[in-house]
Amino acid sequence: MRNFHIGVTVAVLWAASSQGVLAQDQAKEGEAIFKRTCAVCHTTEPGKNKIGPSLAGIVGSKSAEVPGFSFSDAMKKAGLTWDEATLDKYITDPKAVVPGNKMIFAGLKKPEERAAVIDYLKTQG
Ligand code: HEC
(Lines give C-alpha, C1' and ligand atoms only; values in the text may rest on other atoms or scores of the structure.)
Protein backbone atom coordinates (compact mmCIF):
# COMPACT_ATOMS: atom_id res chain seq x y z
CA MET A 1 0.00 0.00 0.00
CA ARG A 2 2.79 2.37 0.93
CA ASN A 3 4.63 1.64 -2.30
CA PHE A 4 1.45 2.23 -4.22
CA HIS A 5 1.17 5.76 -2.77
CA ILE A 6 4.76 6.56 -3.60
CA GLY A 7 4.20 5.32 -7.13
CA VAL A 8 1.17 7.55 -7.56
CA THR A 9 3.01 10.58 -6.16
CA VAL A 10 5.92 10.02 -8.52
CA ALA A 11 3.57 9.64 -11.48
CA VAL A 12 1.73 12.87 -10.60
CA LEU A 13 4.98 14.80 -10.14
CA TRP A 14 6.32 13.45 -13.39
CA ALA A 15 3.16 14.47 -15.27
CA ALA A 16 3.23 17.96 -13.74
CA SER A 17 6.88 18.59 -14.54
CA SER A 18 6.68 17.28 -18.09
CA GLN A 19 3.72 19.59 -18.73
CA GLY A 20 5.78 22.49 -17.43
CA VAL A 21 8.54 21.62 -19.87
CA LEU A 22 6.04 21.42 -22.71
CA ALA A 23 4.66 24.88 -21.89
CA GLN A 24 8.20 26.29 -21.82
CA ASP A 25 9.06 24.68 -25.15
CA GLN A 26 5.87 26.06 -26.62
CA ALA A 27 6.68 29.59 -25.40
CA LYS A 28 10.14 29.31 -27.00
CA GLU A 29 8.62 28.14 -30.24
CA GLY A 30 6.17 31.04 -29.93
CA GLU A 31 9.02 33.51 -29.53
CA ALA A 32 10.52 32.31 -32.82
CA ILE A 33 7.16 32.64 -34.57
CA PHE A 34 6.64 36.08 -33.00
CA LYS A 35 10.02 37.23 -34.30
CA ARG A 36 9.20 35.92 -37.75
CA THR A 37 5.64 37.15 -38.08
CA CYS A 38 4.82 39.92 -35.59
CA ALA A 39 8.10 41.64 -34.70
CA VAL A 40 8.21 43.72 -37.90
CA CYS A 41 5.38 45.71 -36.35
CA HIS A 42 5.34 44.86 -32.61
CA THR A 43 7.73 44.66 -29.67
CA THR A 44 7.07 43.07 -26.27
CA GLU A 45 8.90 45.89 -24.50
CA PRO A 46 6.62 48.10 -22.41
CA GLY A 47 6.16 51.52 -24.02
CA LYS A 48 7.95 50.64 -27.25
CA ASN A 49 5.42 51.06 -30.05
CA LYS A 50 6.34 50.49 -33.70
CA ILE A 51 3.87 50.26 -36.61
CA GLY A 52 1.74 48.40 -34.08
CA PRO A 53 1.42 48.93 -30.31
CA SER A 54 3.72 47.28 -27.76
CA LEU A 55 2.33 43.87 -26.82
CA ALA A 56 3.84 43.83 -23.32
CA GLY A 57 1.17 42.50 -20.96
CA ILE A 58 -1.37 42.23 -23.76
CA VAL A 59 -2.92 38.92 -22.63
CA GLY A 60 -5.93 39.77 -20.48
CA SER A 61 -5.83 43.51 -21.23
CA LYS A 62 -8.49 45.63 -22.97
CA SER A 63 -8.24 46.54 -26.65
CA ALA A 64 -6.85 49.92 -27.74
CA GLU A 65 -5.46 50.91 -24.32
CA VAL A 66 -1.69 50.88 -25.00
CA PRO A 67 -0.44 54.38 -24.08
CA GLY A 68 1.03 56.54 -26.82
CA PHE A 69 -0.31 54.48 -29.72
CA SER A 70 -2.74 55.95 -32.21
CA PHE A 71 -5.34 53.21 -32.68
CA SER A 72 -7.81 53.15 -35.56
CA ASP A 73 -11.40 54.16 -34.81
CA ALA A 74 -12.38 50.56 -35.50
CA MET A 75 -10.06 49.26 -32.76
CA LYS A 76 -11.10 52.04 -30.36
CA LYS A 77 -14.72 50.97 -30.73
CA ALA A 78 -14.05 47.22 -30.62
CA GLY A 79 -14.34 46.94 -26.81
CA LEU A 80 -12.54 43.59 -26.65
CA THR A 81 -10.61 41.91 -23.87
CA TRP A 82 -7.55 40.14 -25.20
CA ASP A 83 -8.12 36.83 -23.46
CA GLU A 84 -6.63 33.77 -25.11
CA ALA A 85 -9.75 32.90 -27.12
CA THR A 86 -10.16 36.45 -28.50
CA LEU A 87 -6.45 36.74 -29.33
CA ASP A 88 -6.64 33.40 -31.08
CA LYS A 89 -9.52 34.59 -33.27
CA TYR A 90 -7.90 37.97 -33.95
CA ILE A 91 -4.56 36.60 -35.13
CA THR A 92 -6.36 34.01 -37.27
CA ASP A 93 -8.01 36.79 -39.26
CA PRO A 94 -7.66 40.33 -37.85
CA LYS A 95 -10.05 42.01 -40.27
CA ALA A 96 -12.82 39.49 -39.60
CA VAL A 97 -12.70 40.16 -35.84
CA VAL A 98 -12.27 43.96 -36.05
CA PRO A 99 -13.43 45.11 -39.49
CA GLY A 100 -11.62 48.28 -40.56
CA ASN A 101 -8.72 47.88 -38.09
CA LYS A 102 -5.29 48.82 -39.38
CA MET A 103 -3.30 45.69 -38.60
CA ILE A 104 -2.45 44.53 -42.10
CA PHE A 105 -1.78 40.89 -41.39
CA ALA A 106 -3.15 37.93 -43.32
CA GLY A 107 -3.37 35.76 -40.21
CA LEU A 108 -1.64 32.76 -38.70
CA LYS A 109 -3.60 29.81 -40.02
CA LYS A 110 -2.03 27.01 -37.98
CA PRO A 111 -3.71 26.58 -34.56
CA GLU A 112 -0.50 25.26 -32.99
CA GLU A 113 1.41 28.37 -34.15
CA ARG A 114 -1.24 30.66 -32.70
CA ALA A 115 -1.21 28.74 -29.41
CA ALA A 116 2.58 29.01 -29.26
CA VAL A 117 2.57 32.79 -29.91
CA ILE A 118 -0.11 33.31 -27.25
CA ASP A 119 1.89 31.20 -24.76
CA TYR A 120 4.91 33.38 -25.52
CA LEU A 121 2.89 36.60 -25.08
CA LYS A 122 1.71 35.32 -21.68
CA THR A 123 5.34 35.29 -20.56
CA GLN A 124 5.80 38.94 -21.66
CA GLY A 125 4.17 40.68 -18.69
C1 HEC B 1 2.11 44.80 -40.67
C2 HEC B 1 2.21 45.14 -39.27
C3 HEC B 1 1.65 44.16 -38.24
C4 HEC B 1 1.91 42.80 -38.10
C5 HEC B 1 2.77 41.91 -38.99
C6 HEC B 1 1.19 42.38 -36.91
N7 HEC B 1 0.52 43.45 -36.36
FE8 HEC B 1 -0.64 43.41 -34.69
N9 HEC B 1 -1.17 45.37 -34.98
C10 HEC B 1 -0.69 46.19 -35.99
C11 HEC B 1 -1.34 47.47 -35.94
C12 HEC B 1 -1.09 48.66 -36.87
C13 HEC B 1 -2.26 47.39 -34.86
C14 HEC B 1 -3.25 48.48 -34.42
C15 HEC B 1 -4.59 48.18 -35.08
C16 HEC B 1 -5.59 49.32 -35.05
O17 HEC B 1 -5.43 50.30 -34.30
O18 HEC B 1 -6.56 49.22 -35.82
C19 HEC B 1 -2.12 46.06 -34.29
C20 HEC B 1 -2.83 45.61 -33.18
C21 HEC B 1 -2.63 44.38 -32.57
C22 HEC B 1 -3.29 43.96 -31.37
C23 HEC B 1 -4.29 44.78 -30.55
C24 HEC B 1 -3.51 45.61 -29.55
C25 HEC B 1 -4.36 46.42 -28.60
O26 HEC B 1 -3.76 47.03 -27.70
O27 HEC B 1 -5.59 46.46 -28.69
C28 HEC B 1 -2.82 42.71 -31.09
C29 HEC B 1 -3.22 41.85 -29.90
C30 HEC B 1 -1.87 42.36 -32.11
N31 HEC B 1 -1.79 43.40 -33.00
C32 HEC B 1 -1.18 41.16 -32.15
C33 HEC B 1 -0.36 40.77 -33.21
C34 HEC B 1 0.31 39.49 -33.29
C35 HEC B 1 0.30 38.44 -32.19
C36 HEC B 1 0.97 39.45 -34.48
C37 HEC B 1 1.76 38.29 -35.09
C38 HEC B 1 1.04 37.03 -35.16
C39 HEC B 1 0.73 40.73 -35.15
N40 HEC B 1 -0.08 41.49 -34.34
C41 HEC B 1 1.23 41.09 -36.39
C42 HEC B 1 0.28 45.83 -36.93
C43 HEC B 1 0.76 44.54 -37.15
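Predicted model only: the values in this text are computed from it and were never measured.

What counts and what doesn't
Residues numbered from 1 in each chain as written. Predicted model: local features only at pLDDT ≥ 70, side-chain atom pairs only at ≥ 80, totals over all residues. Heavy atoms only, no water. Donors = N, O, S within 2.8 Å, 3.2 Å for Na, K, Ca; no water. Tetrahedral: all angles 85-135°; square planar, octahedral: opposite > 155°, others 65-115°. Helix = DSSP H or I, 4+ residues; strand = E, 2+ residues; numbered from the N terminus. Buried < 20%, exposed > 50% of the residue type's maximum accessible area, 1.4 Å probe, protein only. Near = heavy atom within 4 Å. Polar contact = N/O pair within 3.5 Å; in protein donor to acceptor, adjacent residues only side chain to side chain. 1 Å grid on protein atoms, 1.4 Å probe; cavity = no way out; pocket = protein on both sides within 12 Å on 5 of 7 lines; lining within 4 Å. Sits in = over half its atoms within 2 Å of the grid points. Nonpolar A, V, L, I, M, F, W, Y, C, P; charged D, E, K, R; others polar.

Chemist: Would you take a moment to explain the coordination of the iron atom of the ligand for this structure?
Modeler: A four-donor tetrahedral metal ideally has 109.5 degree angles, and a six-donor octahedral metal ideally has angles of 90 or 180 degrees. Bound to the iron atom of the ligand on the protein side are His 42 (NE2) and Met 103 (SD), at distances that span 2.0 Å. Coordination geometry of the iron atom of the ligand: the six donor atoms subtend angles of 87 to 179 degrees at the metal centre, consistent with an arrangement described as octahedral. With a gap of 61 residues between them, His 42 in the loop between α1 (2-37) and α2 (73-78) and Met 103 in the loop between α4 (94-97) and α5 (111-122) connect regions that are remote in the sequence. Owing to a relative accessible area of 10%, His 42 belongs among the buried residues under this scheme.

Chemist: Got a minute to help me understand the environment of Pro 67 in this structure?
Modeler: When you line up the elements, Pro 67 lands in the loop between α1 and α2. A relative accessible area of 66% places Pro 67 in the exposed class. Taking C-alpha positions, Pro 67 is 7.2 Å from Gly 47, a pair spaced 20 residues apart along the chain.

Chemist: Would you mind showing me how to read the site of the ligand here?
Modeler: Inspection of the region around the ligand gives 26 residues, with Cys 38, Cys 41, His 42, Ser 72 and Met 103 positioned closest. Between Ala 64 and the ligand, the recorded distance is 2.8 Å, taken from a backbone N or O atom to an oxygen atom. In the model, an oxygen atom of the ligand is placed 2.4 Å from a nitrogen or oxygen of the Ser 72 side chain. Assessed atom by atom at 2 Å from the grid points, the ligand resides in the largest pocket. Top element by residues in the shell around the ligand is helix α3 (residues 84-92). It accounts for three residues. The class makeup of the residues in the shell around the ligand is 19 nonpolar, six polar and one charged.

The values reported here are purely geometric and, on their own, carry no functional implication.
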